[in-house]
Amino acid sequence: MILSERVPASRLMWLLAGFIVWSIAFVALYSVLSVGCVFGWDQVHFGPVSVQRAVLVALLGVSLAAGWWVVRITAERRRAAGGAGLVLRPFMETAAWMAAWAALASTLFSLGPVLFLTACH
Amino acid sequence: MFWGSAALFVLVGALYALAWFRPAALARVSVGQWLVGGGLVMPSIVLVGLVGAAFVLGERLIPRPLEDPPLRVYAQAYQWDWRFGYDDDEATTSELHIPVGQPVDVVVTTEDVIHSFWVPRLAGKIDAIPGHENVLRIEADRPGAYRGVCAEFCGNGHTTMRFTLIAHAPEDYAAALAEARAEASR
Amino acid sequence: MSERHETNAIRLHRELDAIWHTPPGLQRLAAVNHTILGRRFIIAAFVFFSIGGILSMLIRAQLATPNTAFVGPEVYNQIFTMHGTVMMFLFAIPMFEGFAIYLLPKLLGARDLAFPRLTALGFYCYIFGGSILIVAMLFGVAPDSGWFMYTPLSSSTYTPGINADVWLLGITFVEISAIAAAVEITVTILKLRAPGMSLDRMPIFAWYLLVTAGMMLIGFPPLILGSILLELERAFDLPFFDPTRGGDSLLWQHLFWLFGHPEVYIIFLPAAGAVSTIIPVFARRELMGYRAIIVAIIAVAFLSFGLWVHHMFTVGIPHLALAFFSAASALVAIPTAVQIFAWLATLAHGKPRFDVPMLYIFGFLFVFVLGGLTGVMLAMVPFNWQVHDSYFVVAHLHYVLVGGFVFPMLAAAYYWLPHVTGRLTMHKISVPAFWLIFIGFNMTFFMMHLTGLRGMPRRVHTYPSGVGWDWLNLLSSIGGFILTMGFALILVDIILQFRFGKPYRRNPWSARTLEWAQPNPPPSYNFAALPLVDRRADTLDPHAIGNELAAGKGYLGFSRNGWQETLGVDMTTGRPDQTIILPNRTFLPLWTAIAIGLFVLCLLFKFYWLSLVPLGLTLVLCLAWTNVTGLKHDHGELDVGGDLSVPPHYEADGPPSWWGMVLLLACNGTLYASLIFAVFFLWLVAPGWPPAELLETGLVLPLLTAIALVGAALLSRMAVSANAEGGGALPLLLASAGAHVVSVGLLLYLINTALPEPTGHAYAATAFVTLAYTAIHSALGVVFALYGVWRIMNGFVSARRSLDLRIGRLWHDYTALTGLTGIALVLIMPLIVAIQGGGQ
């Protein structure tokens, strides 16, 4: 019989995990930026950098770490699933792993500007 | 940007034509090469360059505080015309007067709905949002009259909500402005 | 032997058709069949397309020469507003919904969609909502504030008439149909597939539609919320967008584009799905890069939610924030490039052959690639500042939307029309029609790039001569008329195909997907038996499969109890886990849509108290839908053929209606999240804060409300557990209903006593809406709990048949969760507002 067993629907979620991290990071940075500009965090300096910049860069760091964590987990799941004999599992796991990488790259590309652009003008 | 786009368009077109008429020429390119080369590497290189250039240019254009604060003028939009004010006096003019050769900050506001301040030959545009003040930094190289329009749809008079910006040589500016004000109050 | 084979097939056909077919006459209005409704959606969308097209011709007539006095600004504003609105909401979205409704079950190997009656309801909501807009236009009171409806231009101060209400109410009415379709499409793809069709074997078109439908569930709620808030402002003076009372017009822009940009990809992805389906057939090679495409469209789905602000680059947002959206906008080009190169690779590795659909695919690639390139240009902030709201943008958006949607849809039309008609296309007219459209389109819109770069702003009803726009506009207008001739020719071509096309038996394109395993035109029940799919579903042999299925070889190749049965499968693996008994044709969707329509009309003509009558009627009718669903006794495992036994869906763990509820709540949750976003946005950005008066509730009443809401949810959970153990759910459900009554009472009391006047400041208005949201959900919680009681008393519930109670539990949990969030928000806001006092 070609019909394989039931699997939990949560497996589908790994396909989205990387980009969910990206979405959260995107919303977090955009809102913190807006809040910081309203409260004048860019005027308050903390050594060579403004508080605004420090907070944003820290958030970017956390986001990249979270994205990297998803990449690691999906890679691990893929390795664990490899060669298990089912057509499905390597397929989904590989797709999830690719999506996680794409999301990590997207995080760096779309949020990376916090490193150098003017924050509040 | 235009030539780059044209080149990319021709590239895709050529590949498409080749796939149709000479599939053998492309058969040796594997699917992975197609996807990674065309889908990932090529656009990534182009986009990084383009976005980087846009960021640099954008940084130059935004109205950041300067050491020597630029001249401020005020553009107030209403349905369906503009009035322009200046720092040193409450009188307004119906045409905007600025000096050439120096950056000028236009503070754009509105009395009613959303409008947008646009002088196509000088700079981009900035919207006039109710309850907010927006600043656009412009600079004219040459004296003369420049056409301006309202770029955001604002109702029945949107089409005719045009204005004129007049740039004067710095030495003539004060006199020209005084004359314009005198004319407006008459 | 072969003769007996044939007679068996005919007998089976008669039996199934007797159950599934839609009788003629007035009964047509009761149709719930996806083939019929899919066709109706497509025809209606085409009619609206023609209306939108005529409007665009008026625009081009007006702009052909400078200083035209053909129409004045009052009429012109209605024309361009309606052109955009009709094309986006009444043509593009319903058109692909129609394609999806018609094709999905056929591609997936199911007999119908998951919720046939919902399809019918969606269709009527679409038609009624669309008609309200068109009728308003005929009476000269069409919306005239642009299809984007920016406040305050669309607020009652500047648009006092009925025009803006027509848009807000009519479009929200149509959105019901979009949400219905999104739930329907998602559940159908996840649950209603042929046995063995695991996700990695699914036809690529289904993947595209799955992603699209998911995007609709998240993308539409912000607009629905925005429309509700703006209508509340117009009708009851709640100042969400009024800057003099703590509102902000930018809130509308955010909510609108939070929907508006994903919308573009919602339109593009199904069309790209059609391209991904058609190219392999004509390249005679299966699709290359199947998995890469899936990852690419998931990436597009997410990224498209991170670029709405590129419509707002000129509203005065800091450069760094613009950079996020600029980079994300540019980034979308990469997954799009992956798809384009996957298509090129498929062609390069195949043996391409020519036919009319391929002509349109060529048109699509040509136009869409150009549109994509100008899109990347527009994503660059400095360039955008210059050409924003100029004709360059008009050119770009038509290259993307016509290139990315109309051309592929025409390819799809030529590809699948034989499936609908059972007849082949004739080439004589199709080819010249294509060239008229292709040349006409490029002539019209390429010129607009140039007029835009020469400084012509959008939405002007005329322009002065001698500023370098004259001949470009004239060429655009001439091109527009050539384009229209092309479309007229296509219409003739389609009619001719219906009348004179050559009939054929099966699979004229040698395609390898399941829909071609049917005889054409397709029978009412789709497949006499459901196939076992043991490989990727775009590499099948429809001819062989078709003959087997027609003879009843496969799953469910019989009729039982007069039920309309189809199989439900495990989401990922495609293993059958239930047999789904679909509801038969009924007039209820029509009546329900009429009731909703009356409600909308009451609001439109400001009979607010009277509107409660159709609203109550709608609720009663919705309850009446459940009258024919459910089973009165346990059936256990039922034989479905192929040595397989599965329970009916009422006795299964994850039946379609349960998933439907989950998705609906996810959609609802997005709406609620948008509301919370609105509260914080206004606090942070709007002028006129802090408000003079704050909410004074004390802690006792909010706490009691929270306890009542959580209690209701817990009681309903206990009821489900009790039911699983054999009974005793009834009193628990009654108690749950009681807890909801208490919470509704408390919330109404809070709104009436503790809240400052909602018309005074946006703060109070948002607090009012937050509390009212929970009150409404809690009131519906009473209905859900009592519904459970009613179903138990009528014998529809047993330990195995607990679906009604579990759906209720989802509602109660959701209400408790959002209610707690809302109460917390209302309590915290006064504190936050106080902090901000020093900030600004």
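Residues numbered from 1 in each chain as written. Chains lettered and ligands numbered in written order. Predicted model: local features only at pLDDT ≥ 70, side-chain atom pairs only at ≥ 80, totals over all residues.

## Thoughts on the overall build of chain C
Across its full length, chain C holds 23 helices and four strands. Its C-alpha radius of gyration of 28 Å places chain C within 12% of the 28 Å reference for a compact globule of 840 residues. Based on the C-alpha atoms only, the size of chain C along its principal axes is roughly 90 × 85 × 45 Å. Within chain C, buried positions represent 62% of all 840 residues. For chain C, contacts bridging at least 24 residues in sequence account for 82% of all contacts bridging at least 6. (Helix = DSSP H or I, 4+ residues; strand = E, 2+ residues; numbered from the N terminus. Rg over C-alpha atoms; globule rule 2.2 N^0.38 Å. Buried ≥ 20, exposed ≤ 12 C-beta atoms within 10 Å, placed from the backbone. Contact = placed C-beta atoms within 7 Å.)

## A look at the overall build of chain B
On a plain count of helices and strands, chain B comes out with four helices and 10 strands. Seen in sequence order, chain B has helices and strands lined up from the N terminus as α-α-α-β-β-β-β-β-β-β-β-β-β-α. In terms of overall size, chain B is more extended than a compact globule, its C-alpha atoms giving a radius of gyration of 24 Å where 186 residues would be expected to give roughly 16 Å. On the principal axes, the C-alpha backbone points of chain B span a range of 80 × 40 × 30 Å. Buried residues in chain B amount to 35% of all 186 residues.

## A look at the pairing of strand E2 (residues 81–86) of chain B
Residues and elements named next belong to chain B. Where strand E1 (residues 71–78) lies against E2, six bridges are found, and the strand directions are antiparallel. Following the sheet pairing, Tyr78 is matched in E2 by Asp81. Between the antiparallel neighbours E1 and E2 lie two residues. Here three bridges tie E2 to strand E3 (residues 89–93), and the two strands are oriented antiparallel to one another. Within E3, the residue paired with Tyr86 across the bridge is Asp89. The turn joining E2 and E3, which pair antiparallel and follow one another in sequence, is formed by two residues. (Pairing = 2+ DSSP bridges.)

## Topic: the packing of helix H1 (residues 10–38) of chain A against helix H2 (residues 51–81) of chain A
To characterise two packed helices, one gives the angle between the axes of the helices and the distance between these axes. Residues and elements named next belong to chain A. Where H1 meets H2, the axes come as close as 10 Å, and the angle between the chain directions of the two elements is 175°. Taken together, H1 and H2 sit at an angle that is classed as roughly antiparallel. Residues Trp14, Ala17, Gly18, Val21, Trp22, Ala25, Ala28, Leu29, Val32, Leu33 and Gly36 of H1 lie in contact with H2, whose contacting residues are Gln52, Val55, Leu56, Leu59, Leu60, Ser63, Ala66, Gly67, Val70, Thr74 and Arg77. A breakdown of the residues in the contact of H1 with H2 according to their chemical character gives 15 nonpolar, six polar and one charged. (Axes fitted to C-alpha atoms, helices over the stretch in contact; angles between N-to-C directions. Parallel < 35°, antiparallel > 145°, perpendicular 65-115°, else oblique. Nonpolar A, V, L, I, M, F, W, Y, C, P; charged D, E, K, R; others polar.)

## Comments concerning unusual backbone geometry
Here the amide bond leading from B:Gln79 into B:Trp80 is cis, since omega sits at -5°, within 30 degrees of zero. Tracing the backbone shows B:Trp80 in the loop between E1 and E2. Put simply, C:Thr151 and C:Pro152 share a cis peptide bond, and its omega is -5°. Assignment of secondary structure puts C:Pro152 in the loop between helix H4 (116–138) and helix H5 (163–191). One non-glycine residue, C:Leu556, lies in positive phi territory at about 55°. C:Leu556 sits in the buried class, given 27 other C-beta atoms within 10 Å.

## Looking at the interface of chain A and chain C
How big an interface is tends to be expressed through the accessible area that disappears when the partners come together. Taken together, the 43 residues of chain A in the interface contact 33 residues of chain C. Listing elements by their share of the side of chain A that touches chain C, those giving two or more residues are H1 and helix H3 (88–111) of chain A. Among the elements that line the side of chain A that touches chain C, the one with the most residues is H1(A), at 15 residues. In the side of chain A that touches chain C, the residues fall into 32 nonpolar, eight polar and three charged.

## Digging into the sheet that holds strand E5 (residues 104–110) of chain B
Residues and elements named next belong to chain B. The five strands lie next to each other as E3-E2-E1-E5-E8, forming an open sheet whose pairing is mixed. Taken across any chain shown, the strands that pair with only one partner, and hence form the sheet edges, are E3 and strand E8 (134–138). Taken pair by pair, the neighbouring strands of this sheet meet at an average axis angle of 30°, ignoring direction. Across the sheet, helix H4 (residues 170–185) is in contact with E2 and E3; its angle to E3 comes to roughly 75°.

## Brief notes about the packing of helix H3 (residues 31–61) of chain B against helix H9 (residues 319–331) of chain C
Two elements in contact, H3(B) and H9(C), have axes separated by 11 Å at closest approach and are oriented at 160°. Between H3(B) and H9(C), the crossing angle belongs to the class labelled roughly antiparallel. Here the hand of the crossing between H3(B) and H9(C) comes out right-handed. Along its contact with H3(B), which presents B:Leu47, B:Leu50, B:Val51, B:Ala54, B:Phe55, B:Gly58 and B:Glu59, the element H9(C) presents C:His319, C:Ala323, C:Ser326, C:Ala327 and C:Ala330. (Left-handed = near helix turned anticlockwise from the far one by under 90°.)

## Focus: H5(C)
Helix length check: H5(C), at 29 residues, gives a terminal C-alpha distance of 42 Å against a target of 42 Å (1.5 Å per residue), a fit within 8%. Of all 29 residues that make up H5(C), 29 are buried, and the element is covered over most of its length. (Expected span 1.5 Å × (residues − 1).)

## Some details on the sheet that holds strand E4 (residues 96–99) of chain B
Two orientations exist for strands paired in a sheet by backbone hydrogen bonds: parallel and antiparallel. Residues and elements named next belong to chain B. Strand order across the open sheet formed by five strands is E4-E10-E9-E6-E7, with mixed pairing between neighbours. Because the sheet does not close on itself, it has two edges, and the strands there are E4 and strand E7 (125–128). Between one strand axis and the next, the sheet turns through 25° on average, direction left out of account. As defined by bridge partners, strand E9 (residues 144–150) adjoins strand E10 (residues 163–168) across five bridges and the pair is classed as antiparallel. Looking across to E10, one finds that Arg147 is bridged to Thr164. On the sheet, H4 packs against E4 and E10 and is oriented at approximately 160° with respect to E4.

## Here's the deal with the interface of chain C and chain B
Opposite the 58 residues of chain C that make contact, chain B presents 54 residues. Taken together, the elements giving at least two residues each to the side of chain C that touches chain B come down to helix H3 (73–108), helix H7 (249–283), H9, helix H10 (333–349), helix H11 (356–379) and helix H12 (381–387) of chain C. Considered class by class, the residues forming the side of chain C that touches chain B number 38 nonpolar, 15 polar and five charged.

## Notes on the domain arrangement of chain C
Along its sequence, chain C is organised into domain 1 (354–503) and domain 2 (689–840). Summarising the inter-unit geometry, the C-alpha centres of domain 1 of chain C and domain 2 of chain C are found 50 Å apart. (Domains from an automatic or database assignment.)

## Remarks on the pairing of E5(B)
All names here are of chain B. Alternating positions in E5 separate cleanly, Val104, Val106, Val108 and Thr110 being buried on one face and Asp105, Val107 and Thr109 remaining unburied on the opposite face. Pairing of E1 with E5 involves seven bridges; the strand directions are parallel. Its bridge partner lying in E5, Ala75 is registered against Val108.

## Remarks on the environment of B:Glu171
Assignment of secondary structure puts B:Glu171 in helix H4. Separated by 71 residues in sequence, B:Glu171 and B:Val100 have C-alpha atoms that sit 9.8 Å apart.

## Observations regarding the nonpolar core
Counting 378 residues, the largest nonpolar core has A:Ala99, C:Leu104, C:Ile297, C:Ile298, C:Leu344 and C:Ala411 as its most contacted members. Sort the elements by how many residues they give to this core and H7(C) lands first, with 23 residues. With residues up to four places along the chain from it excluded, the contact list for C:Ala411 reads C:Ala274, C:Ile278, C:Pro357, C:Tyr360, C:Ile361 and C:Phe364. (Core = buried A, V, L, I, M, F, W, Y, C linked by C-beta atoms within 7 Å.)

## Focus: H4(C)
Owing to its 3.6 residues per turn, the α-helix aligns residues three or four sequence positions apart on the same side. Residue and element names in this part refer to chain C. Counted at 1.5 Å a residue, the expected span for H4 with its 23 residues is 33 Å, and the 33 Å between its end C-alpha atoms agrees. Counted residue by residue, H4 has 19 buried out of 23 residues, so it is predominantly covered. Downstream of H4 by a residue or two, Gly140 has a phi angle that is positive, lying close to 80°.

## Examining the confidence of the model for chain C
For chain C, per-residue confidence averages 92 on the pLDDT scale, and 99% of positions sit at 70 or higher. Listed scores for the predicted complex are pTM 0.95 and ipTM 0.92. (pLDDT = per-residue confidence, 0-100.)

## Considerations on the environment of A:Asp42
All names here are of chain A. If you trace the backbone, Asp42 turns up in the loop between H1 and strand E1 (45–46). Asp42 sits 10 residues away from Gln52 along the chain, and the two C-alpha atoms are 4.9 Å apart. Beyond its immediate chain neighbours, meaning those up to four positions away, Asp42 contacts Gly36, Cys37, Ser50, Gln52, Ala119 and Cys120.

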